[in-house]
Every structure is written in structure tokens, then in C-alpha cells.
Amino acid sequence: METLKNAKIGSTVQVVKLHGEGAVKRRIMDMGITKGVDIYVRKVAPLGDPVEVTVRGYELSLRRADAEMVEIQQRC
């Protein structure tokens with residue numbers, strides 16, 4: 001399983017599935033990260049936390065733990 005945490009800088013990926021439960025999953029979905037959406041990986045901090053992405057036209061920073069809950073596939 002490939003997650004957003006492991007995505008390469010400069011790549012565009014598509015969300016396949018969101019893992020997690022309850023409030024955590026709801027918070028990720030409220031940020032605009034839902035199944036089928038494209039995410040562009042802008043930057044990753046030196047220690048891997050946070051991950052800066054562009055989703056639905058706006059910039060978003062995600063904690064590594066949250067990025068690990070987003071299952072992705074590479075965009076063709």
C-alpha cells in the first residue's frame with residue numbers, strides 16, 4: 001500500500017482510499033481530501049513532518065500521521 005507520506009516531491013497522485021476512523025477521518029475529509037481527488041506534493045519538511053500539498057486549488061500542510069492514512073496511486 002502506497003501512502004501520501006511516501007509520495008515523491010513534485011508528483012501528482014490520486015486518492016484511492018482513506019484509512020482511519022471517526023473524527024480523524026472526518027477531519028481529513030473536511031480538508032478536501034476525498035476518494036478520487038488529485039493531490040500535488042509540493043514539499044516535505046527535512047524530517048518528513050509536515051507534508052505540504054496542493055489539493056482542490058489550495059495549499060495544505062498535513063502531519064505525517066495524517067498523510068499515512070491516505071492511500072494513493074500515481075497519476076498517469
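Refer to the structure presented above.
These figures come from a predicted structure and were not determined experimentally.

Draft legend 1. Main features of the overall build of the protein. Looking only at helices and strands, the protein has two helices and five strands in total. Mapped in sequence order, the helices and strands of the protein form the string β-α-β-β-β-α-β. Relative to a compact globule of 76 residues, whose C-alpha radius of gyration would be 11 Å, the protein shows 11 Å and is just as compact. Referenced to the eigenvectors of the C-alpha coordinate spread, the extents of the protein come out at roughly 30 × 30 × 25 Å.

Draft legend 2. Here's a closer look at the sheet that holds strand E1 (residues 12-18). The strand order E4-E3-E2-E1-E5 describes an open sheet built from five strands, whose pairing is antiparallel. Each edge of the open sheet is held by one strand with a lone partner, namely strand E4 (58-62) and strand E5 (70-74). Geometrically, the sheet is characterised by an average inter-axis angle of 45° between neighbouring strands, direction not taken into account. As defined by bridge partners, strand E2 (residues 38-44) adjoins strand E3 (residues 51-55) across five bridges and the pair is classed as antiparallel. Looking at the pairing, Ile 39 lines up with Val 55 of E3.

Draft legend 3. Representation of the nonpolar core. Counting 19 residues, the largest nonpolar core has Leu 4, Ile 33, Ile 39 and Val 70 as the members making the most contacts within it. Elements with a contribution of two residues or more to this core: E1, E2, E3, E4 and E5.

Criteria and cut-off values
Residues numbered from 1 in each chain as written. Predicted model: local features only at pLDDT ≥ 70, side-chain atom pairs only at ≥ 80, totals over all residues. Heavy atoms only, no water. Helix = DSSP H or I, 4+ residues; strand = E, 2+ residues; numbered from the N terminus. Rg over C-alpha atoms; globule rule 2.2 N^0.38 Å. Pairing = 2+ DSSP bridges. Axes fitted to C-alpha atoms, helices over the stretch in contact; angles between N-to-C directions. Core = buried A, V, L, I, M, F, W, Y, C linked by side-chain atoms within 4.5 Å. Buried < 20%, exposed > 50% of the residue type's maximum accessible area, 1.4 Å probe, protein only.

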